[in-house]
Amino acid sequence: MEEIGMDPSAANPGPIDHSILYDQDKHVSSAVWDGQERGALRCHEHTSKLGEWRLTPKQIELVEKAGFGYLRKIPAISLDNPLISALVERWRRETNTFHFTVGEMTVTLQDVAFLLGLAIDGMPVIGITYTTCGTVCEKYLGKAPDSTYASGGMVKLSWLKEFFSQCPENATIEEIERHTRAYLLYLVGSTIFSTTTGNKVPVMYLPLFENFENAGRYAWGAAALAFLYRALGNASVRSQSTICGCLTLLQCWSYYHLNIGRPKLNRDPIHEHFPFVLRWKGKQSGPTTNRDVVFYRKALDSLEPCDVEWLPYKYMDSTVIPEEIRNSLVLGRSKTMLICFDKAERHLPNRVLRQYGMLQPIPEDVPQWVRKSRGVDGGVDLSGKMESELNEWADRALHIVDGDDDADENEYMVWYLRITRKVVGRPISLSSEFQRTIGGVREILYLAETFPLKGLLPEQFESISRIRSIAQECLRDQVGGTVVVSPIVGTELGKRTRGKERVRRKGTGKRRRSNDPMEGHGASEDESQYCGMVEVDRLHPHHTNDEVDHLPLCTTVLEGEAALLLDTPNKVDDMQLHDATDGIDASHFCDPCNEADNSNMLNSIGESDLQTAKTVEEVIPQSFELPDATNGNTDLEIHNETNKPEDSQGCNATNGINGPQTLVATDVNKAQIHGATDKVSESQPSDVVHSDQRMVKEEVEVVPQLSHENTEDLAQQGDNSVIA
């Protein structure tokens, strides 16, 4: 493994300059860097049943007239969810581009034209929205779905297929047109406009199919790209777990441009078919057993220029490209706004000029814009709410980007590496990086403590003292490290981890769930938010014991000097466990020394007569604060009872939670240290174990992986759970 100093991205993955990627803290790559894996996204594309539609020759004629003759030929392609998920980790909604190690790339209007055969020129796909679908379906399909098939302004794809997938042989022209409209709605709802709301499609597209010839004048390719851009942007937010849109387009774009996860063709095609997505029809892929998100992430983090095809269509047979598509390709370089009803997204070809065979200069900055959430009330014509976006689309022919023959791509790469996120996955694991840092701090502390002070100037002496203080503060919570007595709250001293399991004692009840700390910034179409991120590595000492069989960590403070954190083993001489599980009033730390004469343990570090016991004794200063170790359950505090000065007895009163606990000195307001005169009312401690080497039996419960939300709960409320 390379040292951090040899790879700057290992310490700072970027961006160094945040002027472009200003939403980095909300991006999934930040979560991955922090050890929070969300796994592969759920990919929503509903093409598996498309082949079950039986179209008559007249219907096929109408479909082609509406502009979907090529899209209907595209078969259902098996989606590679891990590949799509890894690509999403590289997508940036600030620029609508992928940020790879070699520079920016994106799915362009030209890609849509080549791969799907959809029109990228024409009228914008926009119209009237609906919140109910009965009236619209009745008008354009001749029947309305019942409540089991409809939801708001959306209708289930299964209803369309059930009633319209086979047109009668003796059908009238009106019936044929209705069945064809139902097919077109099903086609766009399962491919280019697929949503994350199950198998539903908005009926707002139906009126656009009223006249099939007029439907062919819409820029369906531009609308498909706007929809995909919005879906990629939503999925790139760290709180999301799903993605929709035309994922066949995205996956095949990757196959053409990147030599990563590309299927192996059974044979070299004699000639290419149009649209070019058909190149992957019926082709078998290589082994993908071990190709998970991490596999593709590492491949993209180490992407080399030789793995990129900037001009994948250059040597394709141009004669198979329809003339109307070929004539509109120049608009594929238009810097314009893409529109699909309420979705408006920027198309920025000036940032990916190498995909057009040009040199890439440093592009101009992208103005920050907020994706507005426009109303979808029934009967609202969105054209009146998107005037500026529509004007920009109308002027698309005036904004064709050109290359610069004098552009210096080396200068571009120097600039790009400052504004981009260079890697997504950590080159060095969190645990290794943590141990490396702790080792370095300990070395600094050793050098500072052994540095000769004789003859130093006052300011030099102050600097050495400051270095020692900082190093001690950094190491104060580390097992085996130096402990500095400080009123500052310790950070999770008592947590133990073992792999992906979490052990929690029974009887504590469910944790209270707070609001997801991750913003639903740019929520997906169904506003589903991912709340199940798993912390892979934690910056805490790890214990790999197979069972929870150790006594707690004890913080020993002797005469105000720094002491060590000790991890007391299973059998400890002169230590007895006292388990008070029922009815200790007020649940305070108690220190009754009724049976001991002149041997009281002092509870304040400031007194001068602190005595040293034969075994490790735990002294809790009143200035410390003790968090509630029961994660939100009130009146559950840890009790410490010392009946004899020579036999320290640990008391545990945790509302029915038996077993060794980690004692953390925090919150004096919740846990007071009492002297010998404190009274325990209404109930006495029970189940006292008087044998030196007996352990209290405990039942443990294995809980699945912690979500990010539960982790936040633990950080805020304390934790009585033991990570084994």
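Criteria and cut-off values
- Counting starts from 1 at the beginning of each chain's written sequence and moves along it residue by residue.
- Residues qualify for local features only when their pLDDT is at least 70, as the model is predicted, and side-chain atom pairs are given and counted only at 80 or more; totals for whole chains, interfaces and linings, by contrast, use all residues.
- Computation of side-chain values covers all heavy atoms of the structure but excludes hydrogens and water.
- For helices, the fitted axis covers only the stretch in contact; all axes are lines through C-alpha atoms, and the angles between them, taken along N-to-C directions, range from 0 to 180 degrees.
- Numbering goes from the N terminus for both helices and strands, where a helix is a DSSP run of H or I of at least four residues and a strand is a run of E of at least two.
- The scheme is simple: roughly parallel for angles under 35 degrees, roughly antiparallel for over 145, roughly perpendicular for 65 to 115, oblique for anything else.
- Working rule for contacts: check all heavy atoms of both residues, and any pair within 4.5 Å makes them a contact.
- We treat two strands as partners when DSSP finds at least two bridges between them.
- Here the nonpolar core consists of buried residues drawn from Ala, Val, Leu, Ile, Met, Phe, Trp, Tyr and Cys, with membership extended through side-chain atoms lying within 4.5 Å.
- Partly exposed describes any residue whose relative accessible area lies between the buried limit of under 20% and the exposed limit of over 50%, with all areas from a 1.4 Å probe on protein chains only and scaled to the type maximum.
- The patches reported here contain residues having more than 30% relative accessible area and no salt bridge. Joining distances are 9 Å for like charges and 5 Å for nonpolar side chains (Val, Leu, Ile, Met, Phe, Trp, Tyr).
- Computed with a 1.4 Å probe, the accessible areas rest on the Shrake-Rupley method; for each residue, only the protein chains presented here act as cover.
- By salt bridge we mean one thing: a side-chain nitrogen of Lys or Arg within 4 Å of a carboxyl oxygen of Asp or Glu.
- Along the arc lie the directions from the helix axis toward the C-beta atoms.
- Identification of polar contacts relies on pairs of N or O atoms within 3.5 Å, with a donor-acceptor requirement for protein atoms, meaning one able to donate a hydrogen and the other able to accept it, and with residues adjacent in sequence counted only if both atoms are side-chain atoms.
- A score between 0 and 100, pLDDT records how confident the predictor is in each residue.

Caption draft 1: Fine view of the packing of helix H5 (residues 109-116) against helix H11 (residues 247-257). It is at 11 Å that the axes of H5 and H11 come closest, and there the two elements cross at 100°. The pairing of H5 with H11 is recorded here as roughly perpendicular in orientation. Contacts between H5 and H11 involve Asp111, Val112, Leu115 and Leu116 from the former and Leu249, Cys252, Trp253, Tyr256 and His257 from the latter.

Caption draft 2: View of the sheet that holds strand E5 (residues 103-105). Reading across the sheet, the three strands line up as E3-E4-E5 and stay open at both edges, with antiparallel pairing between neighbours. Bordering the open sheet on either side are strand E3 (91-92) and E5, each of which pairs with just one other strand. For E3 and strand E4 (residues 97-100), the ladder comprises two bridges, and the chain directions are antiparallel. The residue of E4 that forms the bridge with arginine 92 is threonine 97.

Caption draft 3: Quick look at the nonpolar core. Grouped together as the largest cluster of nonpolar side chains are 114 residues, with contacts concentrated most on Phe68, Phe100, Leu116, Leu160, Ile192, Tyr205 and Ile243. The greatest single-element share of this core, amounting to 12 residues, is contributed by helix H10 (residues 220-235). Leaving out residues up to four positions away in the same chain, phenylalanine 100 has contacts with Leu87, Arg90, Met105, Trp253, Leu258, Leu300, Leu303 and Tyr416. Among the nonpolar cores identified, the runner-up in size contains six residues, and Ile20, Leu21, Tyr412 and Trp415 belong to it.

Caption draft 4: Structural view of a nonpolar patch on the surface. Where nonpolar side chains cluster on the molecular surface, the patch consists of Phe451, Leu453 and Phe461 and spans about 260 Å² of accessible area. Mapping phenylalanine 451 onto the fold places it in the loop between helix H16 (430-450) and helix H17 (458-475).

Caption draft 5: Here's a closer look at helix H15 (residues 409-419). Every buried residue of H15 is accounted for by Tyr412, Trp415, Tyr416 and Ile419. Buried residues of H15, viewed axially, fall in a sector of 100°; they line one side. Set apart from the buried face of H15 by more than 90 degrees, the exposed residues are Asn410 and Val414. With a side-chain oxygen lying 3.0 Å from the backbone nitrogen of asparagine 410, the N-terminal cap of H15 falls on aspartate 408.

Caption draft 6: A look at the sheet that holds strand E8 (residues 200-202). Here we have three strands laid out as an open sheet, ordered E6-E7-E8, and antiparallel in their pairing. The sheet is open, and its two borders are formed by strand E6 (150-151) and E8, each paired with just one other strand. As defined by bridge partners, strand E7 (residues 154-156) adjoins E8 across three bridges and the pair is classed as antiparallel. Considered in E8, the bridge of valine 155 is made with valine 201.

Caption draft 7: View of the pattern of salt bridges. Per the counting criterion, the structure on display carries 19 salt bridges. With a closest N to O distance of 3.3 Å, glutamate 94 and arginine 92 form a salt bridge. For aspartate 121, the salt bridge identified is with arginine 396, shortest N-O distance 2.6 Å. Here the residue aspartate 121 occupies a position in the loop between H5 and helix H6 (134-141), and arginine 396 occupies one in the loop between helix H14 (387-394) and H15, the gap between them amounting to 275 residues. The partly exposed category is assigned to aspartate 121, whose relative accessible area is 34%. The network of salt bridges with shared partners includes Glu37, Glu89 and Arg297.

Caption draft 8: The arrangement of the side chain of threonine 336 in detail. Position of threonine 336 among the secondary structure elements: in strand E10 (residues 336-340). Given the relative accessible area of 1%, threonine 336 is considered buried. Only 3.3 Å separates the side chain of threonine 336 from the backbone oxygen of glutamate 392, close enough to count as a polar contact. Beyond its immediate chain neighbours, meaning those up to four positions away, threonine 336 contacts Glu345, Arg346, His347, Glu392, Trp393 and Arg396.

Caption draft 9: Local environment of the confidence of the model for the chain. Confidence in the prediction for the chain averages 72 pLDDT; 60% of positions are at 70 or higher. Throughout residues 1-6 the model reports pLDDT below 50, and contacts reaching past four residues in sequence, or to other chains, amount to 10 contacts. Predicted confidence is poor over residues 481-724, with pLDDT under 50, and the contacts of this stretch with residues over four places away or in other chains come to 484 contacts.

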